[in-house]
Amino acid sequence: MKPPSIPLHEPAWLREFKAFIMRGSVVDLAVGIIIGAAFTGIVNSLVEDLINPVIGLLIGGVDFSNIFVVLSGERGPSLEATRESGAAVLAIGAFINAVIKFLIVALAIFWLLRALTRLRLRQEEAKEAAGPTAEEKLLMEIRDEMRAMRQAGATPPVARGTPGVPGTGGTGA
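In what follows, the accompanying structure is described. (Residues numbered from 1 in each chain as written. Predicted model: local features only at pLDDT ≥ 70, side-chain atom pairs only at ≥ 80, totals over all residues. Heavy atoms only, no water.)

1. What about the nonpolar core?
So, point 1. Listed in full, the five residues of the largest apolar core are F68, L79, A87, V89 and A91.
So, point 2. Aside from chain neighbours lying at most four places away, what touches A87 is V70, S72, G73, E74 and T82. (Core = buried A, V, L, I, M, F, W, Y, C linked by side-chain atoms within 4.5 Å. Buried < 20%, exposed > 50% of the residue type's maximum accessible area, 1.4 Å probe, protein only. Contact = heavy atoms within 4.5 Å.)

The following block contains the structure:
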């Protein structure tokens, strides 16, 4: 024997949430966040594995990420060891790394937005060069005819029985 089925009603907020999540802008944002996280890994490697060694070489072979000042406590052989010992430190090298990473990301976003802006401008120029669409031409003709009728003193004809238009016999009155 089958147990009786109990109808489950989906709450309105859950339906709204599903509709919100499936909108294109939310999905695009999620994709952007995932790509941004992957890009962050690349930038971290670029700064720590390529840029810092070059800067360290230029300033005398210093491990750039290990530049720090001890405020209180004993200095250890590395920033991590000093922090683990409980000392208060100013991690100057880590801060400079963060600034370099930020500048690289900001520069990448600048170039991306610049490229997208140029692409959009080219598309707008191509659209303008192509001229008006058939629908735009038809609307311009209607506009011009209505303008000519007004100037001649005639009233434009109104279609009878047009749905949604008050006074025409449609459902809008």
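2. Thoughts on the packing of aromatic side chains
So, point 1. If you walk through the whole model with that rule in mind, you get one aromatic pair.
So, point 2. Between F110 and W111, the aromatic rings sit 5.3 Å apart at their centres with planes inclined by 70°, giving edge-to-face as the arrangement.
So, point 3. We classify F110 as partly exposed; its relative accessible area is 46%.
So, point 4. When its relative accessible area of 45% is taken as the criterion, W111 is described as partly exposed.
So, point 5. The ring centre of F68 lies 4.0 Å from the NZ or CZ of R75, which sits over that ring. (Phe/Tyr/Trp six-rings, centres within 6.5 Å; stacked < 30°, edge-to-face > 60°. Lys NZ or Arg CZ within 6 Å of the ring centre and 35° of its normal.)

3. Describing the side chain of K101
So, point 1. Residue placement: K101 occurs in helix 4 (residues 92-130).
So, point 2. Once you skip the residues sitting within four places of it in the chain, K101 turns out to touch V43, N44, V47 and E48. (Helix = DSSP H or I, 4+ residues; strand = E, 2+ residues; numbered from the N terminus.)

4. Remarks on helix 2 (residues 24-58)
So, point 1. With 35 residues, helix 2 extends 48 Å between its outermost C-alpha atoms, agreeing within 8% with the 51 Å of an ideal straight helix rising 1.5 Å per residue.
So, point 2. Its maximal kink placed at I51, helix 2 deviates by approximately 40°, while the proline P53 follows within four residues.
So, point 3. Buried within helix 2 are the following residues: V26, V43, V47, N52 and G56.
So, point 4. Immediately downstream of helix 2, the backbone of G60 shows phi near 105°, a positive value. (Expected span 1.5 Å × (residues − 1). Bend = angle between axes of the 7 residues up to and from the residue.)

5. Overview of the pattern of salt bridges
So, point 1. Evaluated as defined, the whole model comprises five salt bridges.
So, point 2. The salt bridge partner of D144 is R147, with a shortest N-O separation of 4.0 Å. With D144 and R147 both in helix 5 (residues 134-152), this residue pair falls three residues apart, about one helical turn.
So, point 3. Residue class for R147 comes out partly exposed when judged on its relative accessible area of 43%.
So, point 4. A single network of salt bridges, built from pairs that share partners, joins R143, D144 and R147. (Salt bridge = Lys/Arg side-chain N within 4 Å of Asp/Glu carboxyl O.)

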